[in-house]
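Summary of the model geometry
Here's the letter readout for the chains.
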Amino acid sequence: MLGPIFMREVVTVPRRAGHHAGRAAVVGLLAILGVTTWQATVGFARDATLGETAAFGLLLFQIVAFVQLLLTLFFAAMSAAGAVSQEKDRRTFILLLLTDMRDYEIVLGKLLGSLLPILTQILVTAPVLSLLLFLGGIDPEQVLQTVLVLAASAVAAGSLGGLVALWRERTFQALALAVLFLVLYVCVVQALGAVGPALDPDADWFQVQAWLDPFVTMQSVLAPPAEGWGALAPAYGFVLVMVGWCAVLNGIGIWKLRKWNPSGEPIMQREGADATLDTDESIEVEKRAKAHAAPGALREVWANPVLWREVRTLAYGRRPLLVKLAYGTVLAMILYFAVTELNRPGGRPSFAAAYGMVPVVVLSLLLVAAQAATSITSERDTGALDVLLVTDISPREFVFGKIWGVVYNCKEYLIPPLILALFYAVRGALARTGPGAGAGEVAEANFGPLVAVCGAVAVLFAFAIVLGLHVSLRVINSRLAIGNTLGTVFFLSVGTLICIYLIVVNGGSFANQWLSFISFLVLGIGGLLYVLSADRPSQALTLASVLCPVAMFYCVANILIAKPGTDESADPLVPFLALGGAFGVAIAAMLVPLLSEFDVSLGRTTQPNEE
């Protein structure tokens, strides 16, 4: 029924090298979260009571459910969008349209085939969640509802990513719009809780949110009312709504499949049977020259043709303003929430600047990393990269042309976090000052943190750009290269947030969680070492893999628990130097081989001491 595309994925997914390792890694991560939660609630110094055991089971259940929901939404959208975009970049998607497969077989086959590994991971965690029933505090129906919400969220996010990829012709636009539309959907549904009561005070807007927002739905599953829901539980309503969304999104994709595709492909007109050659050879030569010449006025190419192409042509698809408009809309909604928290009537919350800086920086990092990775993968899939590498363009021109091209095309994503940091500094949110402090005192106190924050953000952006180029040039599989790049940025962000949550949950204590934090660091170092080194390790990349997770964790600890018992952080200069030094080493370890030993770093040739 689903066609040969889906059946091929069913047969080949279990045969992939990382399939079983990925399933084992998920179970291992759950085990680490379990040990961490046990230390946060009970510890190993005494025996737990029945009530403490139940509280531990419920807390672990909540952490696992929310972490898995966040990962599922992101990777489902990326996987579905990447599966279709890779076919388009390789010019094989049009071959699917030429077969006798029906439209729904192509659309649903690519969607479910790309989501098969994610749905398998959800099924793997279901028995682990079921084991928590023995600890108490959890109902079997909660486990069932959690699995249903995760599965429905994965299919809905994948349907959104697949539809965007069918619509747009370039990989970067597909990935960026999939992420932005997903974030925009969550923001709009969250806004219903604030705007809805003003429109209709009698309506149950929490019920509406619970049927639309996966995070609100998951919260209702984990904390149901004592008397029960009475009618249909929000989890089942959410599943029904997501089924409807999936039907609409995939229906549009099936309807528009052959109208959107092929898009932007040149159509070569054959000469008719009655066409004759012109007897005048000069006229014939002129006709051929016009046939193969690009239309329009002749444009002068810069000294670096790679940079010229990145800046002066539509290298990343038509209508690039669409992505920037979506980013601006999401940015406006995030800033509205951040400013509202900053001006809260009851007083400014602790670490108020993080409410705006964290989501904006993470979103910008993902977009910048996607731009950097797809700048290489798109050319490789079209066959242009190999042609480009045999020209007389030097490695320096190629690498820096790509880097500055990414910076130019992503300037709308790089500037807002810096402006937002300046805004928080002007409002005095980066450093604590007394109630009666004047403007000069506030500016003096916030100047140092502003320099440190802007410097750290700039270093992270540089790391994301170079990481995208480094991974995409080393990994031949474009889908894997994009996944490794975005996954590294995502896990660095999410892993940091998990560490922050564990510290906050445990009352700001580091001593009770040191074993878990070491486990997280070991996992982070191992994952980063795999992404950076792959099959061509080096001492510099190994050192960078160790330094980056340690530096991130050091910065988190300095911000949260530098001065125990207060909301004040330590001097921002030392964390900034630690972060800048660690990620600077990583940038140098990736960039220097690309400039000095370009062919060796790509694996196109070997060093003299290699066999």
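Residues numbered from 1 in each chain as written. Predicted model: local features only at pLDDT ≥ 70, side-chain atom pairs only at ≥ 80, totals over all residues. Heavy atoms only, no water.

Notes on the overall build of the chain
Scanning the chain from N- to C-terminus turns up 23 helices and zero strands. Of all 611 residues assigned to the chain, the portion counted as buried reaches 46%. Once local pairs closer than 6 in sequence are excluded, the contacts in the chain between residues at least 24 apart make up 77%. Total accessible area computed for the chain in this model is approximately 30,000 Å², and 67% of it derives from carbon and sulfur atoms. (Helix = DSSP H or I, 4+ residues; strand = E, 2+ residues; numbered from the N terminus. Buried < 20%, exposed > 50% of the residue type's maximum accessible area, 1.4 Å probe, protein only. Contact = heavy atoms within 4.5 Å. Areas by Shrake-Rupley, 256 points an atom, 1.4 Å probe, with all protein chains shown as cover.)

Considering empty space enclosed by the protein
Across all of its chains, the model carries three cavities of 30 Å³ or more by this definition. Its boundaries defined by the atoms lining it, the largest cavity holds a volume of some 90 Å³. Around the largest cavity sit 14 residues that line it, and Val 84, Val 107, Leu 111, Gly 162 and Leu 166 are the ones nearest its centre. Contributing elements (two or more residues each) for the lining of the largest cavity: helix 3 (50-89), helix 5 (103-131), helix 6 (140-167) and helix 10 (234-260). The class makeup of the residues in the lining of the largest cavity is nine nonpolar, four polar and one charged. (1 Å grid on protein atoms, 1.4 Å probe; cavity = no way out; pocket = protein on both sides within 12 Å on 5 of 7 lines; lining within 4 Å. Points joined across faces, edges and corners; volume = space filled by probe spheres on them. Nonpolar A, V, L, I, M, F, W, Y, C, P; charged D, E, K, R; others polar.)

Looking at the confidence of the model for the chain
Per-residue pLDDT for the chain averages 83, and the proportion of residues at 70 or more is 84%. Within the model, pLDDT remains below 50 along residues 266-274, and this stretch shows zero contacts once partners closer than five positions in the same chain are excluded. (pLDDT = per-residue confidence, 0-100.)

Examining the environment of Ala 83
Here Ala 83 shows up in helix 3. Taking the C-alpha atoms as reference points, Ala 83 and Gly 161, 78 residues apart in sequence, are found 9.5 Å from one another. Excluding its chain neighbours within four sequence positions, the residues that come into contact with Ala 83 are Lys 110, Ser 114 and Arg 479.

Considerations on the packing of helix 18 (residues 439-474) against helix 22 (residues 573-596)
Close contact between helix 18 and helix 22 brings their axes to 9 Å; oriented N to C, the two are set at 25°. The orientation of helix 18 relative to helix 22 falls into the category roughly parallel. Taken as a pair, helix 18 and helix 22 cross one another with a handedness that is left-handed. Together, Ala 452, Gly 455, Ala 456, Val 459, Leu 460, Ala 462, Phe 463, Val 466, Leu 467, His 470 and Leu 473 of helix 18 and Phe 576, Leu 579, Gly 580, Phe 583, Ala 586, Ile 587, Met 590, Leu 591 and Leu 594 of helix 22 make up the contact between the two elements. Looking at the contact of helix 18 with helix 22 residue by residue, the class counts come to 17 nonpolar, three polar and no charged. (Axes fitted to C-alpha atoms, helices over the stretch in contact; angles between N-to-C directions. Parallel < 35°, antiparallel > 145°, perpendicular 65-115°, else oblique. Left-handed = near helix turned anticlockwise from the far one by under 90°.)

What about a nonpolar patch on the surface?
Among the surface-exposed residues, Trp 245, Val 248, Ile 252 and Trp 255 lie close enough to one another that they form a single nonpolar patch of about 400 Å² accessible area. Mapped onto the elements of the fold, Trp 245 is located in helix 10. Accessibility expressed as a relative area gives 37% for Trp 245, which makes it partly exposed. (Patch = residues over 30% accessible without salt bridge, like charges linked within 9 Å, V, L, I, M, F, W, Y side chains within 5 Å. Salt bridge = Lys/Arg side-chain N within 4 Å of Asp/Glu carboxyl O.)

So, the pattern of salt bridges
Across all of its chains, the model carries eleven salt bridges by this definition. A salt bridge links Arg 90 to Asp 381; the shortest N-O distance between them is 3.7 Å. On the criterion of sequence distance, the pair formed by Arg 90 in the loop between helix 3 and helix 4 (93-98) and Asp 381 in helix 14 (residues 354-382) is long-range, its members being 291 residues apart. Residue Asp 381 is classed as buried on the basis of its relative accessible area of 14%. Between Arg 309 and Glu 310 there is a salt bridge, and its shortest N-O distance comes to 3.5 Å. Exposure remark for Arg 309: the relative accessible area of 32% places this residue in the partly exposed category. Residues joined by salt bridges that share partners form a network here, namely Arg 309, Glu 310, Glu 379 and Lys 402.

A few points about the nonpolar core
The biggest cluster of nonpolar side chains holds 149 residues, and the ones touching the most others in it are Val 368, Phe 398 and Phe 583. With 18 residues, helix 3 is the single largest residue contributor to this core. (Core = buried A, V, L, I, M, F, W, Y, C linked by side-chain atoms within 4.5 Å.)

A few points about unusual backbone geometry
The omega angle of the peptide bond from Asn 261 to Pro 262 is 0°, so this bond is cis rather than trans. Structurally, the position occupied by Pro 262 is in the loop between helix 10 and helix 11 (281-292). Here the phi dihedral of Arg 91 falls at roughly 60°; this positive angle occurs in a residue that is not glycine. Its place among the elements puts Arg 91 in the loop between helix 3 and helix 4.

Observations regarding the side chain of Ser 85
Relative to the helices and strands, Ser 85 is located in helix 3. Residue Ser 85 is classed as buried on the basis of its relative accessible area of 3%. When near neighbours in sequence (up to four residues on either side) are disregarded, Ser 85 contacts Ala 165, Thr 171 and Ala 174.

Some details on helix 6
Between the first and last C-alpha of helix 6 there are 41 Å, a value that for 28 residues agrees with the 40 Å anticipated at 1.5 Å per step. Extensive coverage of helix 6 is indicated by the burial of 21 of its 28 residues. Regarding helix 6, its N-cap is Asp 139, as a side-chain oxygen of that residue lies 2.9 Å from the backbone nitrogen of Glu 141 further along. (Expected span 1.5 Å × (residues − 1). Polar contact = N/O pair within 3.5 Å; in protein donor to acceptor, adjacent residues only side chain to side chain.)

Brief notes about helix 9 (residues 214-222)
Within helix 9, seven of the nine residues are buried, which leaves the element mostly enclosed by the surrounding structure. Buried residues of helix 9: Pro 214, Val 216, Thr 217, Met 218, Ser 220, Val 221 and Leu 222, and no others. Close packing links the buried residues of helix 9 with helix 3, helix 6, helix 7 (171-199), helix 8 (205-212) and helix 10. Looking at where helix 9 begins, the residue whose side-chain oxygen comes 3.0 Å from the main-chain nitrogen of Phe 215 is Asp 213.

Details of the side chain of Thr 125
Locating Thr 125 in the fold gives a position in helix 5. Engagement of the side chain of Thr 125 in a polar contact is seen with the side chain of Gln 68, the distance being 3.0 Å.

What to know about the packing of aromatic side chains
Following the criterion strictly, the structure yields ten aromatic pairs and no others. Seen from their ring centres, Tyr 327 and Tyr 413 are 4.9 Å apart, and the 70° between their planes marks the pair as edge-to-face. Residue Tyr 327 is found in helix 13 (residues 321-342), and its partner Tyr 413 is found in helix 17 (residues 411-426); the two are separated by 86 residues along the sequence. What makes Tyr 327 buried here is its relative accessible area of 3%. A relative accessible area of 1% means that Tyr 413 is categorised as buried. By the ring-pair criterion, three or more aromatic residues cluster together here, those being Phe 74, Phe 75, Phe 490 and Phe 491. The ring of Phe 93 has Lys 88 sitting right over it, with the charged end atom 6.0 Å from the ring centre. The ring of Trp 255 is capped by Lys 256, whose NZ or CZ atom sits 4.5 Å from the centre of that ring. (Phe/Tyr/Trp six-rings, centres within 6.5 Å; stacked < 30°, edge-to-face > 60°. Lys NZ or Arg CZ within 6 Å of the ring centre and 35° of its normal.)

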